[in-house]
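Single-letter residue listing:
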Amino acid sequence: MDRGAPYVDVRTTEEFEAGHPAGAHNLPISEPDFALLAGACFDKRAPIVLGCRSGHRSVLAAKALEAEGFTDVYEQLAGWDGARDAFGRVTDVGWRKSGLPFEEGAAGERSFAAIKAKAER
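Conventions adopted
Residues numbered from 1 in each chain as written. Predicted model: local features only at pLDDT ≥ 70, side-chain atom pairs only at ≥ 80, totals over all residues. Heavy atoms only, no water. Helix = DSSP H or I, 4+ residues; strand = E, 2+ residues; numbered from the N terminus. Salt bridge = Lys/Arg side-chain N within 4 Å of Asp/Glu carboxyl O. Buried < 20%, exposed > 50% of the residue type's maximum accessible area, 1.4 Å probe, protein only. Axes fitted to C-alpha atoms, helices over the stretch in contact; angles between N-to-C directions. Parallel < 35°, antiparallel > 145°, perpendicular 65-115°, else oblique. Contact = heavy atoms within 4.5 Å. Nonpolar A, V, L, I, M, F, W, Y, C, P; charged D, E, K, R; others polar.

**Student:** An account of unusual backbone geometry is needed here, citing residue identities and associated values.
**Tutor:** One non-glycine residue, Ala107, lies in the positive phi region at around 75°. Tracing the backbone shows Ala107 in the loop between strand 8 (102–103) and helix 5 (112–120).

Below is the structure:
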């Protein structure tokens, strides 16, 4: 991200608006056209960082983007709330509790509605 890679938060719009990494784009993995929308809005050859709540959805998103032809996909594995082990114990605190910058709200041109509109043009 320090080198300009977009951070794409793949959580629902509601989760995203409640809090997300500063500068993040919202493109929910639950959208039927997730990979096609990503392909229309982001350069498939450039680095892209994916994150979710705890790491599960970002893994699915990475697989979908790689199948769509993205070549430089990274995952923020601890996600927004932190990674957990099989017993629910936090193994990595994640973005929210690590002190990294965050925002709340829809994020204007980085919102899902804006991304969808851009892809439809």
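**Student:** Run through the pattern of salt bridges, naming residues and quoting values.
**Tutor:** Under the defined criterion, the tally for this structure stands at seven salt bridges. For Glu68, the salt bridge goes to Lys44, with nearest N and O atoms at 3.5 Å. Here the residue Glu68 occupies a position in the loop between helix 3 (56–67) and strand 5 (73–75), and Lys44 occupies one in the loop between helix 2 (34–41) and strand 4 (48–51), the gap between them amounting to 24 residues. On the accessibility criterion, Lys44 (28% relative accessible area) is partly exposed.

**Student:** Quick one: what's the story with the packing of helix 2 against helix 5, residue by residue and with numbers?
**Tutor:** A packed helix pair is summarised by two numbers, namely the angle formed by the two axes and the spacing between the axes. In contact at an axis separation of 9 Å, helix 2 and helix 5 are set at 75° when each is read in the N-to-C sense. If you check the angle between helix 2 and helix 5, you find them roughly perpendicular. Residues Leu37, Ala40 and Cys41 of helix 2 lie in contact with helix 5, whose contacting residues are Phe112, Ile115, Lys116, Lys118 and Ala119. Here the contact of helix 2 with helix 5 is composed, by residue class, of six nonpolar, no polar and two charged.

None of the figures reported here should be taken as evidence of function without further support.
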